[in-house]
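What follows is each chain in one-letter form.
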Amino acid sequence: VAAVATAAQATGAAPGTSQSDEAHVAVAQKIFQRTYESAGKSRLHRTAHVAALALLKDNARVVSREVTGWLMYSDEERKCNKEITEALIRAGVVEQQFLAEFDAHLAKLIAGGASTLAVDCGAYLMQHCVLVEPCVQPAELGATLVALAVAATGPGAPHGLAKLCEQARAKGDSKKPTGGSLFDPQKPDPPGLRETVAQTFDEWAKVQDLPAGDTTTATFIETLGKGRLLQGDDAQERTARILAELAMNHCLGSESPHGQLTAGPPGSASALSYVAVDAFVRLIALLCRRKEEPINARLALLGRALAAVVRLAVKDVDERGAAFNPRPYHRVLTGLMMEMHAPDAALDSSHPQVLAAFASALLALQPLRVPGFAFSWLELVSHRCFLPRLLVDHNRRGWPLLQRLLTAVLKFLEPFLRSAELTETVRLLYRGTLRLLLVLLHDFPEFLCDHHFSLCDVIPPNCIQMRNLVLSAFPRNMRLPDPFTPNLKVDLLPEISQSPYVITGDADAAFRSSQLRADLDAYLKTRASPNFVATLRQRLTLDARAAKAAGTQYNVPLLNAVVLYVGVQAIAANRKDAASPVTHSASMEVFQRLAAELDTEGRYLFLNAVANQLRYPNCHTHYFSCVLLYLFAEAGSEVVQEQITRVLLERLIVNRPHPWGLLITFIELIKNPRYNFWGHSFTRCAPDIERLFESVARSCIAPPPKAEGQEGPIAA
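Residues numbered from 1 in each chain as written. Predicted model: local features only at pLDDT ≥ 70, side-chain atom pairs only at ≥ 80, totals over all residues. Heavy atoms only, no water.

A. Focus on the layout of surface pockets. Put simply, the second largest pocket is a space of about 930 Å³. Forming the walls of the second largest pocket are 43 residues, and the residues nearest its centre are Val146, Asp233, Asn296, Ala297 and Ala300. The residue inventory of the lining of the second largest pocket, partitioned by class, reads 21 nonpolar, 11 polar and 11 charged. (1 Å grid on protein atoms, 1.4 Å probe; cavity = no way out; pocket = protein on both sides within 12 Å on 5 of 7 lines; lining within 4 Å. Points joined across faces, edges and corners; volume = space filled by probe spheres on them. Nonpolar A, V, L, I, M, F, W, Y, C, P; charged D, E, K, R; others polar.)

Below, the structure is given as structure tokens:
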């Protein structure tokens, strides 16, 4: 500690000068970096580095601003290191004026929905800095608290997160002067509150449709915004909930039990009155666009309104079951999307946290949780006021949100698709999902390029066309070489040396932090443990209960992660030492052993994992194409060769599109005499199979040669 403190003070410049500030910042940067390099060490080590930063901050106020910037713009693992972040805040290194910036930044990460680390970090700070050993006020982490409260309503939220948010909010409310407030979060709604809100809602319904030049509407909104119904977080939550209940009850109460008999043929939807729902939507939208309110307060109100609708929908489906009517909830979410989509200087859907709020609401209502809302949900995800903004605005910040939404619907469909038990409703939902992917392939192929790995994790192996659609995406600025060009030299293409940008999923993140990765790294470097590959198969299997739920004994996402990781390591090693043979490397040995020792099911899944990397021209496509061809050539059993052929062929016989890497791999396999493809018995085991191979071959190259004694094609 003394050594670090001495380095902090020995800046060698007169205090208060710009030279002194620069010297302090230079030393602080080195200490900041060393703090994270030693993140796995003792608490004493961490505390010593933070104490040194605090000493520098006391000598130069600029250090606090710089440390906050380094923290916000570092990588996710560093900025979400909860112990170090807590220590920086507790020591005052991140001062109050800069804490607001970090609070807003952390809230965006949590609202984005792609980072479990951010949620863990936010919950940890709320627990330790606000509740256990308070060093900041709840209001100083207000944006983080709101984001955590929204995240707590979603599926997979950490246990106890909602209670933690309620405790932090209650502590914040207890710090404020009540001013005679009626609201207490620990108690039910006070008497008369519902009647007051209902009366206010009735008054709003009367004035909302007045002519544009009338000031009554604006006066009403201003009065309501300053009134007690919206003063304080608890008051807003209660008011938003009661307003949503009044609107939904009015809409559902307008449904005629005989509507299907009077309004149309049997099975047609009964008529509903959306007057109250539309009034609720317009009221929330106008309140969220009050320019005199801070932006965080308006975002918080929108989040609370959406959370109220989500909770009401979940409660409704739990109570009504199959009788659940999704139309009012679809109407209110569509209305809010359209209202917030309209350009507005105060707040609109161009703001990333507005998009994040809608995405969080949709994740909370995903088909796995509310199956009766599935069709409305898919329409909302693909809505013109939501999907384009999610993809185009904010430098791809919305892409992780869309990936989570797509994963949600694919997880819902997976059991039905895996067993091929498609009712008419499931078939329609599948077609809708397929059309959404087609839109992405046509208009935003880069999204599918970046997220292909996580999407393929949740697409069942038998959904070949859907997987082909994802894998066929290629960047719009790339022109694909024609795979049918005679004597195409794939290894000489300029794109083949480029590494693709791949965003991996939760399974890959779990693999990278597991002991399996450490053992795999050790084997790839030294091959010191000959038993590692022998035990790898067992480590890729699931227990009996998980296997029954997944429909396979193998952990498919983990297998996909292992295959990609081994391939990436092999490519990196080959770039460092171009003279080292790829075919006799430790990575190739892992692949060969897996192909030889896995059973039929495991080998099929393994080969699918390899084929999932056959995409547009890049170094991954080239390497994994070479892997498949090498495994075919060196296989000691025709069973392995037949399975490799099956994996390639079944992806080619479905309707287009076909991935570029798949085509060049199959063409090389059937054209190159090294592989003697047409000499294997499985290509001619039955007339139907033989005709199938010939048909596919004709679409790729000239017809295959006939075996001796058979009649060949007439030469042109």
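The structure having been displayed, the exposition proceeds.
B. Looking closely at the packing of aromatic side chains. Counted according to the given criterion, the structure contains 13 aromatic pairs. Between phenylalanine 632 and tyrosine 675, the aromatic rings sit 6.4 Å apart at their centres with planes inclined by 80°, giving edge-to-face as the arrangement. With phenylalanine 632 in helix 32 (residues 619–634) and tyrosine 675 in the loop between helix 34 (660–671) and helix 35 (687–700), this pair connects stretches of sequence that are 43 residues apart. With respect to class, phenylalanine 632 is no different from tyrosine 675; both count as buried. Seen in terms of ring centroids, phenylalanine 677 and tryptophan 678 are 5.0 Å apart; in terms of plane orientation they differ by 85°. Their pairing is edge-to-face. One aromatic cluster is present, formed by Phe632, Phe666, Tyr675, Phe677, Trp678 and Phe682 through successive ring pairs. When the ring centre of tyrosine 604 is taken as reference, the NZ or CZ atom of arginine 646 above it lies at 4.1 Å. (Phe/Tyr/Trp six-rings, centres within 6.5 Å; stacked < 30°, edge-to-face > 60°. Helix = DSSP H or I, 4+ residues; strand = E, 2+ residues; numbered from the N terminus. Buried < 20%, exposed > 50% of the residue type's maximum accessible area, 1.4 Å probe, protein only. Lys NZ or Arg CZ within 6 Å of the ring centre and 35° of its normal.)

C. Quick look at the environment of leucine 106. Structurally, leucine 106 is set in helix 7 (residues 96–112). In the structure, leucine 106 is positioned 35 residues away from leucine 141 in sequence and 9.3 Å away in space, judged by C-alpha atoms. Not counting residues within four places of it along the chain, the set of residues in contact with leucine 106 comprises Ala118, Gly122, Leu125 and Thr144. (Contact = heavy atoms within 4.5 Å.)

D. Quick look at the side chain of glutamate 650. For glutamate 650, the location among the structural elements is in helix 33 (residues 638–652). Its relative accessible area of 11% is what places glutamate 650 among the buried residues. At 2.6 Å, the side chain of glutamate 650 forms a polar contact with the side chain of tyrosine 604. Once residues within four sequence positions are removed from consideration, glutamate 650 is found in contact with Ile464, Tyr604 and Asn608. (Polar contact = N/O pair within 3.5 Å; in protein donor to acceptor, adjacent residues only side chain to side chain.)

E. Structural context of the pattern of salt bridges. Applying the stated criterion to the full structure yields 21 salt bridges. With a shortest N-O distance of 3.2 Å, arginine 290 and glutamate 293 are connected by a salt bridge. Arginine 290 gets classed as buried once you look at its relative accessible area, which sits at 6%. One salt bridge connects aspartate 519 with arginine 539, and the closest N-O pair in it is separated by 3.0 Å. In this pair, aspartate 519 is assigned in helix 26 (residues 515–526) and arginine 539 in helix 27 (residues 532–539), connecting sequence segments 20 residues apart. Owing to a relative accessible area of 26%, aspartate 519 belongs among the partly exposed residues under this scheme. Look at arginine 539 and you get partly exposed, because its relative accessible area is 31%. One network of salt bridges, in which partners are shared, links Arg194, Arg241 and Glu245. (Salt bridge = Lys/Arg side-chain N within 4 Å of Asp/Glu carboxyl O.)

F. How the structure looks around the environment of valine 94. Considering the arrangement of structural elements, one finds valine 94 in the loop between helix 6 (82–90) and helix 7. A relative accessible area of 4% means that valine 94 is categorised as buried. Residue contacts for valine 94: discarding those within four places in its chain leaves Ser64, Thr68, Leu71, Leu88, Ile89 and Leu99.

G. Seen up close, helix 12 (residues 216–226). For helix 12, the set of buried residues is Thr217, Phe220, Ile221, Leu224 and Gly225. Seen end-on, helix 12 carries its buried residues on one side only, within an arc spanning 125°. For helix 12, the exposed residues set more than 90 degrees away from the buried face come down to Ala218, Thr223 and Lys226. Where helix 12 is buried, its residues contact helix 11 (193–207) and helix 15 (275–287). (Arc of directions from axis to C-beta.)

Shape descriptors only; they carry no functional weight alone.
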